Amino acid sequence: MAHVPYEHRWAAARKRFEAATAKHRPKDAKAVAAALNGDAALVKALKAGDAVHRAATAGDEATKDLVAAGKDAAKARKAYLATLGKALDEDTASRGDKAAAAVCERAMKALAKEVAELEADIGADADRFKAQAAQAEKDAASSERAQKRWEANINGALARAAAGVAKVRAKPTPETYNELFPALARDLAAQLAAAKALDGLRADPDFYRRKLAPWAGQGGDGPPMRVPPDYTARQITDLIKEFATVCKGVVQLVGGR
């Protein structure tokens, strides 16, 4: 829900008060007029609270500023209502106008209620900002843990891939190759899929996942996912070289965080 400025809410409440008491306040009552216009401190406090909302932050500093604005508003409200109430009481008493006194008393109660609700909302907003800051901190910690887990998992997958590449290069036979694929590539592809939820990567992990697809793909059972028994050492070496090149890109992706 969009924030309705505290200052605007106060201005509306004051207008309602003035409209309710207009016929019962003599225009030449200087003390009453001065009291009505003595809301500068209250307006200043409310503006300070509105400034916190305009800053669009919800951290500890924003909470602190909003709490301070609420305290200043409460202090200013007490002084303002006390001065205004006294001025109205003295004016109606001096004129002996019981009807005016009754109207002003009801209007004062309504005004006090509206300002109290406004202060309560400032306090509730401060509590909300505090809760949001706490949740953001919790989410950041959770995200950091998730990223550390992912780094451990993908580094493990890369280590297994490197060992597999070394094994095939040492013995480039169809049997050796087919022992490793497509599981080796699918292990890496799964970690790249999980990387979509992470921030701060150097490149789009899907770029490397697509490059791994020929070794990890589900369609068919042919090269490079698996090789037939008559594949030569040269053909196998070429395939493992291409796979190793993709793995190097993934290493850079992880190291670029």
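Refer to the structure presented above.
What comes next is a walk through the structure. The model shown is predicted, which means the values in this text are computed figures rather than measured ones. (Residues numbered from 1 in each chain as written. Predicted model: local features only at pLDDT ≥ 70, side-chain atom pairs only at ≥ 80, totals over all residues. Heavy atoms only, no water.)

**A closer look at the overall build of the chain**
Helix and strand counts for the chain stand at nine helices and zero strands. N-terminal to C-terminal, the α/β element order of the chain is α-α-α-α-α-α-α-α-α. For 257 residues, the compact-globule formula gives about 18 Å, and the C-alpha radius of gyration of the chain, at 36 Å, lies well above that figure. Projected onto its principal axes, the C-alpha coordinates of the chain cover approximately 115 × 30 × 20 Å. Taken over 257 residues, the chain has a buried fraction of 38%. In the chain, once contacts between residues fewer than 6 apart in sequence are set aside, the share between residues at least 24 apart is 79%. (Helix = DSSP H or I, 4+ residues; strand = E, 2+ residues; numbered from the N terminus. Rg over C-alpha atoms; globule rule 2.2 N^0.38 Å. Buried < 20%, exposed > 50% of the residue type's maximum accessible area, 1.4 Å probe, protein only. Contact = heavy atoms within 4.5 Å.)

**Looking at helix α4 (residues 60-95)**
Taking 1.5 Å of rise per residue, the 36 residues of α4 would be expected to cover 52 Å, and the 52 Å separating its terminal C-alpha atoms lies within 8% of that figure. Downstream of α4 by a residue or two, G96 has a phi angle that is positive, lying close to 65 degrees. (Expected span 1.5 Å × (residues − 1).)

**Considering the packing of aromatic side chains**
In this structure the tally under the stated criterion is five aromatic pairs. Ring plane angle 55 degrees and centroid distance 5.8 Å describe the contact between W215 and F243, whose orientation is recorded as tilted. In this pair, W215 sits in helix α8 (residues 205-216) while F243 sits in helix α9 (residues 233-255), placing the two residues 28 residues apart along the sequence. Judged by its relative accessible area of 0%, F243 falls in the buried class. Of the aromatic side chains, those joined through ring pairs into one cluster are Y177, F181, W215 and F243. (Phe/Tyr/Trp six-rings, centres within 6.5 Å; stacked < 30°, edge-to-face > 60°.)

**Quick word on the environment of A35**
Considering the arrangement of structural elements, one finds A35 in helix α2 (residues 30-36). Taking the C-alpha atoms as reference points, A35 and Y80, separated by 45 residues in sequence, lie 7.3 Å from one another.

**Looking at the pattern of salt bridges**
Within the structure shown, the criterion is met by 17 salt bridges. Residue R77 pairs with E119 through a salt bridge whose shortest N-O separation is 2.6 Å. With R77 in helix α4 and E119 in helix α5 (residues 98-170), this residue pair connects regions lying 42 residues apart in the sequence. We note that R77, like E119, is buried. The partner of R128 in a salt bridge is D125, and the shortest N-O contact between them spans 3.3 Å. Of this pair, R128 and D125 are both found in helix α5, three residues apart, which corresponds to roughly one turn of the helix. Accessibility expressed as a relative area gives 37% for R128, which makes it partly exposed. Linked through salt bridges whose partners overlap, the residues forming this network are K196, D204, D206 and R209. (Salt bridge = Lys/Arg side-chain N within 4 Å of Asp/Glu carboxyl O.)

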